[in-house]
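Here are the chains, one letter per residue:
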Number of protein chains: 2
Amino acid sequence: MTSDYDAHVAVRQESPDVFSAQLDAGWTVGGGVNGGYLLAVVGNAVRAGLADAPAPRPDPVAFSAHFVSASRPGAAVVRTRLIRSGGTTTTVAAELVQGDQVRLAALATYGDLGEASDDVARTAQPPQLPPVEQCVPAGAAPPEVRAMAPLLERLDLRLDPGSVGWAVGQPSGRGLLQGWFRLPDREPDTLSLLTVVDALPPVTFDLGRPGWAPTIELSAHVRAVPSPGWLRVRHLTTNVAGGLFEEDCDVWDSAGRLVAQSRQLARLPR
Amino acid sequence: MTSDYDAHVAVRQESPDVFSAQLDAGWTVGGGVNGGYLLAVVGNAVRAGLADAPAPRPDPVAFSAHFVSASRPGAAVVRTRLIRSGGTTTTVAAELVQGDQVRLAALATYGDLGEASDDVARTAQPPQLPPVEQCVPAGAAPPEVRAMAPLLERLDLRLDPGSVGWAVGQPSGRGLLQGWFRLPDREPDTLSLLTVVDALPPVTFDLGRPGWAPTIELSAHVRAVPSPGWLRVRHLTTNVAGGLFEEDCDVWDSAGRLVAQSRQLARLPR
């Protein structure tokens, strides 16, 4: 049985380098399509294009995207182009296009994280979160918010109570949003992590600046195959300046591993 | 008078989308060409290609590069392709090629940081460094190191004494390298910041893992036009795992502004 998520990120290979997709209206926020969802659609096309490669390259080890125009629900095309296939990784350029408009351009380096060594020397610490049942489900948002953000129905997001003051006019001002995340009908994998890194509300909500924060650029590193279960996600910004801000995201799996890191540059909400 | 740096990153426009360059042997480390230098060569070509645009777009606001093969000193070509020109930014794809080998593929979004608003809400703190004259000049490295890293002659780098324990077999283990940086004969600008974010030794030196750490992907955000004078540079890693590590870089100018941030994914030295 195909999960909703898999159906929504599905692509059909029309030719070796062209894939068609249907951007699902359920992944919109305020009329725009969520960036993390778009990354997974493009990432799925790149993965499909590499499926027949001599060596398996299923995992988006490094994925960089520049968002150049706002996607709309409906038909889209992903065009891919092989840059180079090396000993352990393959790099592909990809573009998501609707009509004659490029929506995003990406560079993706894929590898096989199942082959990675087990060495770990990590000083990063996972976010300290209350138990899932003590966190705030995104579904608890007022009906008018849910109507504007159908996205909230597509994922199970439980925000740290310390990260939701903005919902009652009391943002913490720390520039920090964190919580538990899972897809309702599917375990995480290295592809869906591309969605996870851009699924929470913009971290600027916690700075008292609500509103849509369009991404200019996002680069994600997928560092390990995630274990099943809830993910812990943390978004942090430390440099809001010149109308722009960076947003760093860490994703930890249920086994306590840092499975993805990303950094994006976005425009402040007006 | 042209500075050495400007001469080394110079490009010649051969056609609207093709630029030739000479990769200078002075920017090598252990036979490979420094990644930050390559970013600036490619960034210079993108900038040159945008010079006649209706609105000025001189600054590499977001620059993502995937390094797919090792560059060699000598002739190189940068091919560019316009992705989209929007109201305030222009996005270009670029590749650096030697012979028939792609060395790196990049996506670059350029804008005009001189037009940016002055708002700042920053929690990031600049690195605390001893005065320049109390730091350790890279030129103090033993002759055999300098012979292997001609790069060290191209820049004035003064490392925090707390960041050079590795040179005497006592790395701090924090995964932190920081110091003062300037080009010997030129003030910083938004282009040279692309070099600054990848000019220090790999942060893994501070973990007792010396050796070349090839970059897989590097994304840089240039956030402000730097003031003249010394820059403060900090490299940090928190997640060494699976044979890879991330390296975050912050660059602060003499006016106390965070002028560039980058994150790269690199392979651990063998």
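Everything numeric in this text was worked out from a predicted model, so none of it was measured. (Residues numbered from 1 in each chain as written. Chains lettered and ligands numbered in written order. Predicted model: local features only at pLDDT ≥ 70, side-chain atom pairs only at ≥ 80, totals over all residues. Heavy atoms only, no water.)

A. Region of the structure containing the relation of the copies chain A and chain B. Placing chain A over chain B gives an RMSD of 0.0 Å and needs a rotation angle of 180°, together with 0.0 Å of translation along the axis. On the angle and the small slide along the axis, the relation comes out as a two-fold axis. Interface overlap between copies is the fraction of interface residues in one copy that are interface residues in the other; for chain A against chain B it reaches 100%, indicating a shared surface. (Least-squares fit on C-alpha atoms with pLDDT ≥ 70 in both. Contact = heavy atoms within 4.5 Å.)

B. The pattern of salt bridges, seen in detail. Residues and elements named next belong to chain A. Taken as a whole and judged by the stated rule, the model has 26 salt bridges over all chains. Between arginine 186 and aspartate 6 there is a salt bridge; the shortest N-O distance is 2.9 Å. Of this pair, arginine 186 sits in the loop between strand 12 (176-182) and helix 4 (193-196) while aspartate 6 sits in helix 1 (residues 4-8), placing them 180 residues apart in sequence. Note on arginine 186: relative accessible area 15%, which makes it buried. (Salt bridge = Lys/Arg side-chain N within 4 Å of Asp/Glu carboxyl O. Helix = DSSP H or I, 4+ residues; strand = E, 2+ residues; numbered from the N terminus. Buried < 20%, exposed > 50% of the residue type's maximum accessible area, 1.4 Å probe, protein only.)

C. Geometry of the confidence of the model for chain A. Residue-level pLDDT values for chain A average 94, and 100% of them are 70 or greater. Model confidence for the complex: the whole-complex pTM is 0.97, and ipTM, which rates the interface, is 0.97. (pLDDT = per-residue confidence, 0-100.)

D. Molecular detail of helix 2 (residues 35-49) of chain B. Residue and element names in this part refer to chain B. End to end, helix 2 covers 21 Å across 15 residues, agreeing with the expected 21 Å (1.5 Å per residue, within 8%). Judged by how many residues are buried, helix 2 sits mostly within the fold: twelve of 15 residues are covered. Taking the backbone nitrogen of glycine 36 as reference, a side-chain oxygen 3.1 Å away marks asparagine 34 as the first, capping residue of helix 2. (Expected span 1.5 Å × (residues − 1). Polar contact = N/O pair within 3.5 Å; in protein donor to acceptor, adjacent residues only side chain to side chain.)

E. Molecular detail of the interface of chain A and chain B. Listed as interface residues are 55 residues of chain A and, on the opposing side, 55 residues of chain B. Interface area for chain A against chain B, summed over the two sides, is near 4,400 Å², with a carbon-plus-sulfur share of 48%. Summed over the three residues of chain A that lose the most area to chain B, namely His66, Arg223 and Arg263 of chain A, the buried surface amounts to 16% of that side. Inspection of the region where chain A meets chain B yields four salt bridges. Two residues, aspartate 248 of chain B and arginine 263 of chain A, come together in a salt bridge whose shortest N-O distance is 3.5 Å. For the pair chain A and chain B, the number of links is 49 residue pairs in polar contact (both at pLDDT 80 or more). A breakdown of the residues in the side of chain A that touches chain B according to their chemical character gives 23 nonpolar, 20 polar and twelve charged. Taken together, the three bridges between strand 9 (residues 120-122) of chain A and strand 15 (residues 239-241) of chain B define a ladder with antiparallel strand orientation. In the sheet register, arginine 122 of chain A faces strand 15 of chain B, and the bridge partner there is asparagine 239 of chain B. (Buried area = accessible area lost by both parts, 1.4 Å probe. Nonpolar A, V, L, I, M, F, W, Y, C, P; charged D, E, K, R; others polar. Pairing = 2+ DSSP bridges.)

F. Main features of the packing of aromatic side chains. Across all of its chains, the model carries six aromatic pairs over all chains by this definition. The interplanar angle of 5° and the centroid separation of 5.1 Å between the aromatic rings of tryptophan 27 of chain B and tyrosine 37 of chain B together place this pair among those described as stacked. With tryptophan 27 of chain B in the loop between strand 2 (18-23) and strand 3 (28-29) and tyrosine 37 of chain B in helix 2, the pair connects residues that are ten residues apart, well separated along the chain. Chaining the aromatic ring pairs together yields one cluster made of Tyr5, Trp27 and Tyr37 of chain A. Between the NZ or CZ atom of arginine 182 of chain A and the centre of the ring of tryptophan 230 of chain A, over which it lies, the distance is 5.3 Å. (Phe/Tyr/Trp six-rings, centres within 6.5 Å; stacked < 30°, edge-to-face > 60°. Lys NZ or Arg CZ within 6 Å of the ring centre and 35° of its normal.)

G. Geometry of the pairing of strand 5 (residues 59-67) of chain A. Residue and element names in this part refer to chain A. Among the nine residues of strand 5, nine are classified as buried, and the element is accordingly described as predominantly covered. One ladder, built from eight bridges, connects strand 5 with strand 8 (residues 101-111); its direction is antiparallel. Paired with alanine 62 across the strands is threonine 109, a residue of strand 8. With five bridges connecting them, strand 5 and strand 13 (residues 215-222) associate as antiparallel partners. Bridging from a neighbouring strand, alanine 65 pairs with leucine 218 of strand 13.

H. Local environment of the environment of valine 97 of chain A. All names here are of chain A. Within the fold, valine 97 resides in strand 7 (residues 90-98). Take valine 97: its relative accessible area is 4%, and that puts it in the buried class. Between the alpha carbons of valine 97 and leucine 268 there is a distance of 25 Å; along the sequence they are 171 residues apart. When near neighbours in sequence (up to four residues on either side) are disregarded, valine 97 contacts Ala76, Val77, Arg79, Val102 and Arg103.

I. Highlighting the side chain of arginine 234 of chain B. Here arginine 234 of chain B is to be found in strand 14 (residues 231-236). Beyond its immediate chain neighbours, meaning those up to four positions away, arginine 234 of chain B contacts Gln125, Pro126, Pro127, Leu176, Leu177, Gln178, Asp248, Cys249, Asp250 and Trp252 of chain B.

J. Region of the structure containing the pairing of strand 16 (residues 244-252) of chain B. Residue and element names in this part refer to chain B. Strand 16 sits mainly inside the fold: nine of its nine residues count as buried. Neither face of strand 16 is left uncovered, since the one carrying Leu244, Glu246, Asp248, Asp250 and Trp252 and the one carrying Phe245, Glu247, Cys249 and Val251 both have all their residues buried. Pairing between strand 14 and strand 16: five bridges, direction antiparallel. Opposite valine 233, over in strand 16, you have valine 251 as the bridge partner.

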